[in-house]
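Descriptive analysis of the structure
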Amino acid sequence: MIEKKFIKYIVVGLLVFLLVNKEAYANAIAISTSLEKIELTATISDEIWQKATPIDLTMHKPIFGKEPSEKSDVRLLYTQDYLWVFARLYYKNPDNIVANSKKRDEESKSSDAFGIILDTYNDNESALAFFTSPTGQRIDYAMANDGNYSVGTTGTVNYNWNTFWDVKSKVEGNCWYVTMRIPFSSLRFQSIGDKTEMGLIVNRTISYCNEINTYPAIDPQYGIYAAIKPSQATTVSLENVEPSKPLLISPYALTGLTQIHELNETGTKYDLNKTSNLTGGLDVKYNINSNLTLDLTVNTDFAQAEADDELVNITRYSLYLADKRQFFQERSSIFQFSLGGSQQLFYSRRIGLANGQPVTIYGGGRLTGRIGKWDVGILNMQTEAFESTPSENFGVYRLRRQVLNPNSYVGAMATTRLGVDGSKGMAYGVDAVIKLFGDDYLEARVAQNTDADGTAMLANNDLSFATVKWERRRDAGFAYNLNYTYSGTQFSPSVGFVSKLGVEGTYLKTQYGWIFGENSPLYNFKLLVTGTYNEFVTTKELESAYWYPGFSLMTKSGWSLSSYLFNKFEGFDFDFYLSQDAYVPAGNYQFLSSFNVLSSPISKPVSCGLIATAGGYYDGGQLSLSISPVFNLSSSLQLTTSYSLNKLTFNTREQEFVSHLAKFKALVMLNTKLSISSFVQYNSVSHAISGNFRFRYNPAEGKDLYIVYNESRPDKTYDFHQVEPISFFNRMLMVKYVHTFKI
């Protein structure tokens, strides 16, 4: 039973928890302040420059602690309304300056970059990042979960988050200059008296030598996001910061034409339905105070959101798709309640989407920030009826606070989904992340949803979920992850994402890692052994199990290689269909397979990743290949391509499943304000070709013009079942303009 197993872990965890001494907060450094007006230009006057607080950088990688290869002169200053960041970034040879993008929020790692990370609440868990490159592009994103990342997790770095700020950069001689102006009104923070403390990391990437420099000095042992990890930030002290409280009103106007081919009721012909629309809506943002923000939305529209990537699913479980819609990005980390891997108690794609189709959102609101010592998140939205789904109200309510030490918190969440037809569902849970000692953390979460009638039954294990994890978070030396999870047969939160029902099991990973010194061509090397065992809670029979040894390495020049050998065990009592012509019969299976990943240096103008899986697949064999070259041809043109092949063969049953997935993206960036992108995908499983064209003109934050064209059409092999073929499934042309007024 869940109670006995889970209570054992809780008792052990609490005993250790009570033995931990409270950690002291890091000493704060004071940034210089100025009452003078400062102009936003790439180069700053010597008078202002001398007043600013100098920051010295240390090499983070490839050789931790070494003197940086290139000189950096970085200074910080603040006025009552703005945080100012100035940088003079030198090169011995200016030909080594690399700038391959102008696009807002470009995730490419092939350009030189400079920026800061601000842990605005100084909570060692979440942060906001502001970066730029020699072309002056704006890159901002939100960090969550203290930058801890493992395969399958979500929301660690969120590039879909945007806010209001400005940057100027300029290349001149053997240097590029940066000036950032970040309004305090765009940040959320808490002041005690006239004093405000935030976490700060300064970060510079030098592409040609695959180097990252930081302030403060950050040991790379903490993983791939170590250089931007909020808990490694130094604390900076600000005084008498009183940001303005603007009211931002953002109306939009949208017009467009949609054409959809739909099969008629008799199934004999496709009818073409044409619709045109002219509509509008409104978003409102108000900073109630420096640490509490209210967002309101009316007739919310996400037509300009980037298209989802096509996927081919050869597993028995649902696939997770990230939400790219802007409204759900503000302080999204507070709404995270992890159920393990990509599973979440709240999954924002449940709102306004049904079977991949958009559902009209009448409107809603969100309140986020901090009240006293509590992080608070409240979200409520109302949707229109869609096909068989009634008009629904969605609610999400989140509380969380820091306890015991700066790296620990406890929290609670509740979600509701109420239909006008009387349908209702609710989920609720409590969670805790406790830093025990060193790099060891204890995590515990318990959740439950109501039954089909909306009734809470606390003693019902079928409606419940529980997990406890003990983890050492580091890449150097010995590390481990021990996890137990229970998921009831009816645990399926109506506003969440759960891929496995009625399963309980344990997971163990042990690894040992090395980070090498200056004389080695290797940057790091890890050996690991991982195993898991899961069983159905009703029958206690095998659901899945595997164990695998493996290794990963990275060179100082940026090459990386990972290889794992899986020994898998699978059991299920239903036929698992891959297509109409191929399936896996119910039963128990054991098979071996290898998984391998090779990547060239992503800092180069041309880079490529290769993924290969080969070996057994249930009672058959598998060969899966994926190749994804990226061409950064200039700061104005980027091409991204990928091709994936899955070939599954079942010789004893003379069955075969083959899938091809091809993608091509072209991005043209005329300047930092205007971009044109095209995204074409072909999926042989759905026998469909889809295309997305997106024009964006963004002269300033809050002012956007979008022209979007989407089309989906069948390929030559599509089976119309004796119905007259059609040339396309659907087309959509949309023009949208958003203009923000600041009051």
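Everything discussed here concerns the structure shown above.
Definitions and limits used
- Residues numbered from 1 in each chain as written.
- Predicted model: local features only at pLDDT ≥ 70, side-chain atom pairs only at ≥ 80, totals over all residues.
- Heavy atoms only, no water.
- Helix = DSSP H or I, 4+ residues; strand = E, 2+ residues; numbered from the N terminus.
- Rg over C-alpha atoms; globule rule 2.2 N^0.38 Å.
- Buried < 20%, exposed > 50% of the residue type's maximum accessible area, 1.4 Å probe, protein only.
- Contact = heavy atoms within 4.5 Å.
- Areas by Shrake-Rupley, 256 points an atom, 1.4 Å probe, with all protein chains shown as cover.
- Lys, Arg positive; Asp, Glu negative; His and termini not counted.
- Charge placed at Lys NZ, Arg CZ, Asp CG, Glu CD.
- Patch = residues over 30% accessible without salt bridge, like charges linked within 9 Å, V, L, I, M, F, W, Y side chains within 5 Å.
- Salt bridge = Lys/Arg side-chain N within 4 Å of Asp/Glu carboxyl O.
- Pairing = 2+ DSSP bridges.
- Core = buried A, V, L, I, M, F, W, Y, C linked by side-chain atoms within 4.5 Å.
- Phe/Tyr/Trp six-rings, centres within 6.5 Å; stacked < 30°, edge-to-face > 60°.
- Polar contact = N/O pair within 3.5 Å; in protein donor to acceptor, adjacent residues only side chain to side chain.
- Disulfide = S-S within 2.5 Å.

All right, on to the overall build of the chain then. When helices and strands are counted, the chain shows two helices and 45 strands. Relative to the globule expectation of 27 Å for 743 residues, the C-alpha radius of gyration of the chain, 26 Å, shows essentially globular dimensions. For the C-alpha atoms alone, the extent of the chain along its principal axes is close to 80 × 65 × 55 Å. When the 743 residues of the chain are sorted by exposure, 52% land in the buried category. Pairs at least 24 residues apart make up 59% of the contacts formed inside the chain by residues separated by at least 6 positions. Carbon and sulfur atoms form 56% of the exposed surface of the chain, whose accessible area is close to 33,400 Å². Mean positive and mean negative side-chain charge positions of the chain (68 and 73 charges, respectively) differ by 4 Å.

Next up on the list: a nonpolar patch on the surface. On the surface, a cluster of nonpolar side chains totalling about 480 Å² of accessible area is made up of Trp-559, Leu-561, Leu-598, Leu-610, Ile-627 and Tyr-643. Along the chain, Ile-627 falls in strand β38 (residues 620-634). By relative accessible area, Ile-627 is classed as partly exposed at 37%.

Below, the discussion takes up the pairing of strand β16 (residues 234-239). For β16, the buried fraction is high: five of the six residues fall into the buried class. Two strands pair when backbone bridges link them, and strand β14 (residues 195-206) and β16 are joined in this way by six bridges, in the antiparallel orientation. Along β16, the bridge assignment pairs Thr-196 with Leu-238.

Attention shifts here to the pattern of salt bridges. The tally for this structure, following the rule as stated, stands at 35 salt bridges. A salt bridge links Arg-138 to Glu-701; the shortest N-O distance between them is 3.3 Å. You can see Arg-138 sitting in the loop between β8 (127-132) and β9 (139-143) and its partner Glu-701 sitting in the loop between β42 (688-700) and β43 (703-714), a full 563 residues away along the chain. A relative accessible area of 14% means that Arg-138 is categorised as buried. One salt bridge connects Glu-471 with Lys-469, and the closest N-O pair in it is separated by 3.7 Å. Each member of the salt-bridge network shares a partner with another, and the members are Glu-443, Arg-445, Lys-469, Glu-471 and Arg-473.

Among the nonpolar cores identified, the biggest contains 36 residues, and Phe-114, Ile-116, Phe-130, Phe-184, Leu-187 and Val-202 are the most heavily contacted of them. Among the secondary structure elements, those contributing two or more residues to this core are β5 (72-78), β6 (82-90), β7 (113-119), β8, β12 (175-183), β14 and β16. Leu-187 has contacts with Leu-118, Thr-120, Leu-128, Phe-130, Ile-182, Met-198 and Ser-290, leaving out every residue within four places of it along the chain. Membership of the second largest hydrophobic core comes to 22 residues, among which are Phe-328, Met-413, Phe-491 and Val-498.

Looking now at the side chain of Lys-526. By secondary structure assignment, the location of Lys-526 is in strand β31 (residues 522-536). For Lys-526, a relative accessible area of 17% puts it in the buried group.

Our focus in this paragraph is the packing of aromatic side chains. Given two aromatic rings, their pairing is described by the distance between the two centres and the angle made by the two planes. What the rule picks out here adds up to 35 aromatic pairs. Relative to Phe-551, the ring of Phe-525 lies with its centre 6.0 Å away and its plane at 25°, an arrangement referred to as stacked. In this pair, Phe-525 sits in strand β31 while Phe-551 sits in strand β32 (residues 542-555), placing the two residues 26 residues apart along the sequence. The exposure class of Phe-551 is partly exposed, given its relative accessible area of 25%. Here Tyr-718 and Phe-729 contribute two aromatic rings whose centre-to-centre distance is 5.1 Å and whose plane-to-plane angle is 65°, an arrangement assigned as edge-to-face. In this pair, Tyr-718 sits in the loop between β43 and β44 (730-739) while Phe-729 sits in the loop between β43 and β44, placing the two residues 11 residues apart along the sequence. Three or more aromatic residues joined by ring pairs make a cluster, and in this case those are Phe-572, Phe-574, Phe-576, Tyr-589, Phe-591, Tyr-617, Tyr-618 and Phe-650.

Our focus in this paragraph is the environment of Thr-179. Mapped onto the elements, Thr-179 comes out in strand β12. At 2.6 Å, the side chain of Thr-179 and the backbone oxygen of Thr-41 are in polar contact.

Here we come to the environment of Glu-197. As for its position among the elements, Glu-197 is in strand β14. Exposure remark for Glu-197: the relative accessible area of 28% places this residue in the partly exposed category. Sequence spacing of Glu-197 and Ala-30 is 167 residues, and the spatial spacing of their C-alpha atoms is 9.4 Å.

Moving on, we come to the side chain of Glu-701. Exposure remark for Glu-701: the relative accessible area of 18% places this residue in the buried category. At a separation of 2.5 Å, a polar atom in the side chain of Glu-701 contacts the side chain of Arg-104. Of note is the side chain of Glu-701, whose polar atom sits 3.3 Å from the side chain of Arg-138. Residues in contact with Glu-701, not counting those within four places in the same chain, are Arg-104, Arg-138, Asn-162, Thr-163 and Phe-164.

With that out of the way, let us pick up the state of the cysteines. Overall, the coordinates contain zero disulfides when judged by the stated rule. Of all cysteine sulfurs in the structure, the one in Cys-209 sits closest to Cys-175, which takes part in no disulfide; the separation is 16 Å. Taking relative accessible area as the criterion, Cys-175 reaches 1% and is therefore assigned buried.

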